[in-house]
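The primary structure of each chain is shown beneath.
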Amino acid sequence: MKKILVTGGAGFIGSCFVKMLLKRKSRKHIVILDKLTYAGNIKNLEGYIDRDCVEFVKGDICSTRLLDNVVPGVDIIYNFAAETHVDRSILKGASFVRTDVMGTYTLLQKALEYKVSRFVQVSTDEVYGSLDKGKFSENDPIEPNSPYSASKSGADLLVRAFYKTYGLPAIITRSSNNYGPFQHPEKFIPLFITNALEGKPLPIYGDGKNVRDWIYVEDNCRAIDIVGRRGKIGQVYNIGAAEEKENVYIARKIIKFTGADKNLLTFITDRPGHDRRYALCARKLKSLGWKKEYTFNKGLGKTVKWYQENKEWWQEVKRGSFKKYYRKMYGKRIAASREEKAKK
Ligand code: NAD
Ligand code: TYD
């Protein structure tokens, strides 16, 4: 029986990935290792975690002692565990370096020691930096611009080094921006949906014309699974849905889908070092047989509906330490934007 370790499995994408694996009939044992930081939520796994073939371990990927208990016997590791929010990395980057770089290093060491047959590093298109025209291919250099993307780049380079130096059978996926159910409301799409549902401002950075290539979370999870099974060892695979959208376009769509007041749209001072545009060429992934199932319109509609129907989930997340973070991140910027509007 295959033993699969999913780190960060209580987060947004990791939990979707676990559920996808469990929907399949194949015999397997899934170990979920998650520190349950502010971003992890055991409720993301409700209805799945109590199955016989699932084991949940609360812990840190930086702990060698813990990994000595968890990794022996594992066939494949999917490393989703990370600090993931760019804005938080700008406020305070230490936990990003610790988990994303040191945590990945510790996991790589243990994967090697216990002869894991495959290591899938879940990375991001943000490692490539920003581009005006064209699309990033896997051969482009990495030029990260935020402490988050720099930390993820450090992890990618370590994965590459473990493959080259020690022959660790590792693969890297670099996906574009994900959206869908269970995403923490600190991120753009769920923040705007939940604020729209609460009648709160939708704080858009700068001119709102930054572009991201959006992928529905289930499409990304299917891609990660395909790469894990059919991808070539030592390779990088971009995962993108070719759904490039400006932020302001998405904000207006959310207003339309939720029926919110369009005056909620609030332009605030930009994020420092804000990448203008991401776009990915996913030809290599498609050659493994992957195809997206969700257009942006279909995925966003489904996502809005989920947040409308699952208010308890996000209201609880927004009640906790998030309030303090939100005030710090947006309080003065929203007030300044209102003052400026009043002057005009
Ligand atoms: P998330 O923030 O929702 O979840 C991260 C999970 O990792 C949480 O459950 C958290 O508790 C756990 N974690 C954090 N530090 C840990 C540690 N030291 N040890 C063990 N667990 C720890 O993130 P997500 O959006 O689900 O992203 C998952 C992965 O996908 C990340 O590696 C991220 O860089 C990558 N990624 C995300 C996106 C996106 O748009 N969300 C895009 C491309 C790549
Ligand atoms: P985000 O979800 O933080 O993902 P990333 O920065 O990693 O791509 O942000 C997506 C885009 O939305 C990005 O261009 C920044 C912008 N944004 C806002 O305009 N307002 C917000 O409150 C947030 C969180 C993001």
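Everything numeric here is computed off the predicted structure, so don't read it as measured data. (Residues numbered from 1 in each chain as written. Chains lettered and ligands numbered in written order. Predicted model: local features only at pLDDT ≥ 70, side-chain atom pairs only at ≥ 80, totals over all residues. Heavy atoms only, no water.)

Now, about the side chain of Arg118: what can you tell me, with residues and values included?
Secondary-structure assignment places Arg118 in strand β5 (residues 118-124). Summary of buried charges: Arg118 has no salt-bridge partner, and the nearest side chain of opposite charge, Asp225, is 9.8 Å away. Apart from the residues within four sequence positions on either side, Arg118 is in contact with Asp75, Ile76, Ile77, Pro169, Ile171, Val227, Gly228, Arg229, Arg230, Gly231 and Ile233. (Helix = DSSP H or I, 4+ residues; strand = E, 2+ residues; numbered from the N terminus. Buried < 20%, exposed > 50% of the residue type's maximum accessible area, 1.4 Å probe, protein only. Lys, Arg positive; Asp, Glu negative; His and termini not counted. Salt bridge = Lys/Arg side-chain N within 4 Å of Asp/Glu carboxyl O. Contact = heavy atoms within 4.5 Å.)

Go over helix α8 (residues 247-258), please, and point to the residues and values.
Between its first and last C-alpha, α8 extends 17 Å over 12 residues, near the 16 Å set by a 1.5 Å rise per residue. Within α8, burial applies to Asn247, Val248, Ile250, Ala251, Lys253, Ile254, Ile255 and Thr258. Buried residues along α8 sit in contact with α6 (188-198), β8 (202-205), β9 (211-213), β12 (244-246), β13 (265-268) and α10 (296-309). Positive phi appears at Gly259, one or two residues downstream of α8, with a value of about 75°. (Expected span 1.5 Å × (residues − 1).)

Talk me through the site of ligand 1; I want residue IDs and the actual numbers.
In the region of ligand 1, 28 residues are neighbours, and Ile13, Asp34, Thr84, Tyr148 and Lys152 sit closest. A distance of 3.0 Å separates an oxygen atom of ligand 1 from a polar atom in the backbone of Phe12. Contact with the protein chains hides 97% of the accessible area of ligand 1, taken as 830 Å² for the molecule alone. Elements that contribute at least two residues to the shell around ligand 1 include exactly α1 (12-23), β5 and α5 (147-166). When residues of the shell around ligand 1 are assigned to their parent elements, the largest contribution, three residues, is made by β5. Across the shell around ligand 1, the residue classes break down as 11 nonpolar, 13 polar and four charged. (Near = heavy atom within 4 Å. Polar contact = N/O pair within 3.5 Å; in protein donor to acceptor, adjacent residues only side chain to side chain. Areas by Shrake-Rupley, 256 points an atom, 1.4 Å probe, with all protein chains shown as cover. Nonpolar A, V, L, I, M, F, W, Y, C, P; charged D, E, K, R; others polar.)

Pulling in residues and values, what's your account of the environment of Asp34?
Counting through the fold element by element, Asp34 comes out in strand β2 (residues 28-34). With a relative accessible area of 7%, Asp34 lands in the buried category. Measuring from C-alpha to C-alpha, the distance between Asp34 and Ala82 comes to 9.8 Å, with 48 residues separating the pair along the chain. Dropping the residues within four chain positions of it, Asp34 is found in contact with Gly8, Gly9, Ala10, Gly11, Gly40, Phe56, Val57, Lys58 and Gly59. In terms of polar contacts, Asp34 uses its side chain to reach the backbone amide nitrogen of Ala10, at 2.9 Å. Here the side chain of Asp34 touches Leu36 through a polar contact of 2.6 Å, landing on its backbone nitrogen.

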